[in-house]
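# What the coordinates show
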Amino acid sequence: DTGVSQNPRHKITKRGQNVTFRCDPISEHNRLYWYRQTLGQGPEFLTYFQNEAQLEKSRLLSDRFSAERPKGSFSTLEIQRTEQGDSAMYLCASSFPRQNTGELFFGEGSRLTVL
Amino acid sequence: SQKIEQNSEALNIQEGKTATLTCNYTNYSPAYLQWYRQDPGRGPVFLLLIRENEKEKRKERLKVTFDTTLKQSLFHITASQPADSATYLCALDSRSDYKLSFGAGTTVTVRA
């Protein structure tokens, strides 16, 4: 068990560029979540998957954001035409719902800076 | 609207003392409440979970209470150590799925 892995850890981009983040969850976990966290705030829910199905997207997620989880394993979060307001830490988490507790295992996050 | 509020001020305490953090919520009916620890630049790490029918839960030097009437949870770190310095987040489920909503966190600094 190597934990939840996220890449890249840091990304600096210019406004208008597209960026993609990858998340590899804990292998037996079938639920995968994306959260966004800005300085001084708690993680904010963006979207989650059960296996390959995307079950919910936050209303905060604009059309520029898209997430996929092909084959129910790793997931990608793409942000198109980045804006300075997209600068944040993007956190991925996974869980194993048979535990029936909803405890989330987070990765170390991908920090995005939009110039 | 739904709201989760944690201590607005950072907590600075002397080593060996007990740190007490609060988490108040409105317009939630959580089945359980969770506490996480987050170090700077790192992802949150799960600490404790307490269910709606539980009053208190302990794990080593940590204690959590949950009062669904007051809509409040208290998180205690006893015999605090400098290594306990971090931000502590409370999180509630939405009952409909395992999506968690987080408070803004309370930063604790333990002085040696």
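Placed above this text is the structure.
How each quantity is defined
Every chain is numbered independently, its residues counted from 1 as its sequence is written. Chain A is the first chain written and ligand 1 is the first ligand written, with later ones labelled in order. Thresholds applied to this predicted model are a pLDDT of at least 70 for local features of residues and 80 or more for the giving and counting of side-chain atom pairs; totals over whole chains, interfaces and linings are not thresholded and use all residues. Side-chain calculation: all heavy atoms of the structure are included, whereas hydrogens and water are not. In short, DSSP must find at least two bridges between two strands for them to pair. Numbered from the N terminus, helices here are DSSP runs of H or I no shorter than four residues, and strands are runs of E no shorter than two. The convention used is that axes are lines fitted to C-alpha atoms, helices contributing only their stretch in contact, and that angles between N-to-C directions extend from 0 to 180 degrees. The contact criterion used is simple: two residues touch if any of their non-hydrogen atoms lie within 4.5 Å. As a working definition, buried area equals the accessible area (1.4 Å probe) given up by two parts on being put together, with both sides summed. Any carboxyl oxygen of Asp or Glu that lies within 4 Å of a side-chain nitrogen of Lys or Arg is treated as forming a salt bridge with it. The definition of a polar contact used here is a pair of N or O atoms within 3.5 Å, where within protein one atom must be able to donate a hydrogen and the other to accept one, and adjacent residues in sequence count solely through side-chain atom pairs. In this count, Pro and Cys sit with the nonpolar residues alongside Ala, Val, Leu, Ile, Met, Phe, Trp and Tyr, while Asp, Glu, Lys and Arg are called charged and the others, Gly among them, polar.

### Observations regarding the sheet that holds strand S1 (residues 3-6) of chain B
Residues and elements named next belong to chain B. Within the open sheet, the five strands sit side by side as S1-S3-S8-S7-S6. Their pairing is antiparallel. Edge positions in the sheet fall to S1 and strand S6 (56-59), since each of these pairs with one other strand and no more. Each strand of the sheet is rotated relative to its neighbour by a mean of 15°, with strand direction disregarded.

### A few points about the interface of chain B and chain A
The partner chain A presents 23 residues to the 19 residues of chain B that form the contact. Note on chain B versus chain A: buried area summed over both sides is about 1,700 Å², and carbon and sulfur give 51% of it. Taking the shortest distance from any N to any O, the salt bridge between Glu56(A) and Lys99(B) comes out at 2.6 Å. Applying the counting criterion to the chain B and chain A interface returns seven residue pairs in polar contact (both at pLDDT 80 or more). The set of elements that each furnish at least two residues to the side of chain B that touches chain A consists of strand S4 (32-38), strand S5 (45-51) and strand S10 (100-102) of chain B. The leading source of residues in the side of chain B that touches chain A is S4(B), at four residues. Here the residues of the side of chain B that touches chain A sort into ten nonpolar, five polar and four charged.

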